[in-house]
Amino acid sequence: MMRWFRFGKKRKDPALPGLSLEENPIRTELHNHLVPGVDDGVGTLDETLTVLRQYEAWGYERVVITPHVMSGYYPNTEADLLEKADEIRRAAEADGLSIQVRVAAEYFLDETLVERAKKGPLLTLGGAFLLVETDFMQRPMDFERNIFELQVRGYQIVLAHPERYAYLHRDPSQYDDLRTRGIRFQVNLFSMVGHYGDAVYHFARRLIKKGDVDFIGSDLHGPRHLPVMEKALTSPLYREAVGKNIQNNRLSWD
Ligand SMILES: [Fe+2]
């Protein structure tokens, strides 16, 4: 009897299969490091093109590239990054690709970002959506104040990979607090297949189940990540995530 019961229970809740690559409904990829030589992402334009070719083959129509911008470590300027975007677009076109490319940034959130925002416009994912990241271990100083300072300047904050921050793992109630402050969450594709370990997978799953994911990005740093990206795109958790209210395809494109 027990054996039958267990068997029956298992059958009632089968694991969903992943999507096939052709079924991927997300057409905009919005977090990756595909500007050559400006951060810890790709090193050459050839690598950029290798990735863009694969993205296009997977059905992506638009790519927002998001190099790190961090005072002292990645001192990229908006003007330089926009220039690099033109180079990538020209190379992609010459390569026969039709995928559209924009460059934004993944800004490290600290007081220098607030100062930067006071001086001139920041690069957004589209519309007012500003992608920011923080230290992985330590909760940033003046977290709320810096976010508020950016929000009052009209930016809508998108926190990159909230599932990866150890300081949020230690106190998960902070996820809800960030949501009440109007912060959007961008979860990484690779988290959905355990690429960063079990804890990150757990929190990605939890945010997806709760419907607290607004955007999905790859955070790909080079062609070496394409196999794990393919695995993630065909994973059961990704299927579940894209069934929720994901905003990628609705980003304005100007
Ligand atoms: Fe990133």
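Since the model is a prediction, treat every value here as computed from it, not as a measurement.

About the criteria used
- Residues numbered from 1 in each chain as written.
- Predicted model: local features only at pLDDT ≥ 70, side-chain atom pairs only at ≥ 80, totals over all residues.
- Helix = DSSP H or I, 4+ residues; strand = E, 2+ residues; numbered from the N terminus.
- Rg over C-alpha atoms; globule rule 2.2 N^0.38 Å.
- Buried ≥ 20, exposed ≤ 12 C-beta atoms within 10 Å, placed from the backbone.
- Contact = placed C-beta atoms within 7 Å.
- Right-handed = clockwise from strand over helix to strand, strands pointing away.
- Pairing = 2+ DSSP bridges.
- pLDDT = per-residue confidence, 0-100.
- Core = buried A, V, L, I, M, F, W, Y, C linked by C-beta atoms within 7 Å.
- Arc of directions from axis to C-beta.

## Section: the overall build of the chain
Moving on, step 1. In terms of helices and strands, the chain carries 10 helices and 9 strands.
Moving on, step 2. A compact globule built from 254 residues would reach a C-alpha radius of gyration of about 18 Å, and the chain, at 19 Å, matches this within 12%.
Moving on, step 3. For the C-alpha atoms alone, the extent of the chain along its principal axes is close to 70 × 45 × 30 Å.
Moving on, step 4. Within the chain, the proportion of its 254 residues that are buried is 38%.
Moving on, step 5. Expressed as a percentage of contacts within the chain between residues at least 6 apart in sequence, the contacts between residues at least 24 apart total 80%.

## Structural notes on the pairing of strand 6 (residues 129-133)
Moving on, step 1. In terms of residue burial, strand 6 counts as a mostly covered element, since 5 of its 5 residues are buried.
Moving on, step 2. Judged by which residues are buried, strand 6 turns out to be covered on both faces: Phe129, Leu131 and Glu133 on one side and Leu130 and Val132 on the other are all buried.
Moving on, step 3. On the question of chirality, the crossover connecting strand 5 (residues 106-108) to the parallel strand 6 by way of helix 4 (residues 111-119) is right-handed.
Moving on, step 4. Relative to strand 7 (residues 156-160), strand 6 is paired through 4 bridges, and the arrangement is parallel. The residue of strand 7 that forms the bridge with Phe129 is Gln156.
Moving on, step 5. The β-α-β motif built from strand 6, the intervening helix 5 (residues 143-152) and the parallel element strand 7 has right-handed crossover chirality.

## Quick word on the confidence of the model for the chain
Predicted coordinates in areas of low pLDDT are best not read in detail.
Moving on, step 1. Put simply, the chain has an average pLDDT of 92, and 94% of its residues get 70 or more.
Moving on, step 2. The low-confidence segment residues 1-13 (pLDDT under 50) makes 0 contacts with residues lying over four places distant or belonging to another chain.

## Digging into the nonpolar core
Moving on, step 1. In this structure, Tyr107, Leu130, Leu131, Val132 and Val158 are the most contacted members of the largest nonpolar core, which totals 60 residues.
Moving on, step 2. In terms of residue count, the dominant contributor to this core is helix 8 (residues 198-210) (5 residues).
Moving on, step 3. Contact partners of Val158, with chain neighbours within four places excluded, come to Leu125, Phe129, Leu130, Leu131, Val132, Arg184, Gln186, Asp214 and Phe215.

## Thoughts on the sheet that holds strand 2 (residues 62-65)
Moving on, step 1. The strand order across the open sheet formed by 3 strands is 1-2-4, and the pairing between neighbours is parallel. Looking at strand neighbours, the two that pair on one side only are strand 1 (28-29) and strand 4 (100-103), the edges of this open sheet.
Moving on, step 2. Two elements, strand 2 and strand 4, share 4 bridges in a ladder whose sense is parallel. For Val64, the partnering residue across the bridge sits in strand 4 and is Arg102.

## Things to note about unusual backbone geometry
When glycine is set aside, most residues are seen to have a negative phi, and most peptide bonds are trans.
Moving on, step 1. Phi at Asp142 is positive, roughly 55°, even though this residue is not glycine.
Moving on, step 2. Looking at Asp142, the number of C-beta atoms within 10 Å reads 13, which means it is partly exposed.
Moving on, step 3. Phi angles above zero are rare outside glycine, and Asp219 is one such case at about 60°.
Moving on, step 4. In this fold, Asp219 is placed in the loop between strand 9 (215-217) and helix 9 (226-233).

## A word on helix 9
Moving on, step 1. All of the buried residues in helix 9 are Met229, Ala232 and Leu233. Projected down its long axis, helix 9 shows its buried positions confined to an angular sector of 95°, all on one face.
Moving on, step 2. Along its buried surface, helix 9 packs onto helix 10 (236-242).

## Quick word on the sheet that holds strand 9
Moving on, step 1. Within the open sheet, the 6 strands sit side by side as 3-5-6-7-8-9. Their pairing is parallel. Looking along the sheet, the strands with just one partner apiece sit at the ends: strand 3 (68-69) and strand 9.
Moving on, step 2. Looking at chain direction, strand 8 (residues 184-188) and strand 9 are connected through 3 bridges and run parallel. The partner of Asn188 across the bridge, within strand 9, is Gly217.

## Focus on the pairing of strand 7
Moving on, step 1. Here strand 7 lies mainly inside the structure; 4 of its 5 residues are buried.
Moving on, step 2. In terms of strand pairing, strand 7 meets strand 8 through 3 bridges, oriented parallel. For Leu159, the partnering residue across the bridge sits in strand 8 and is Phe185.

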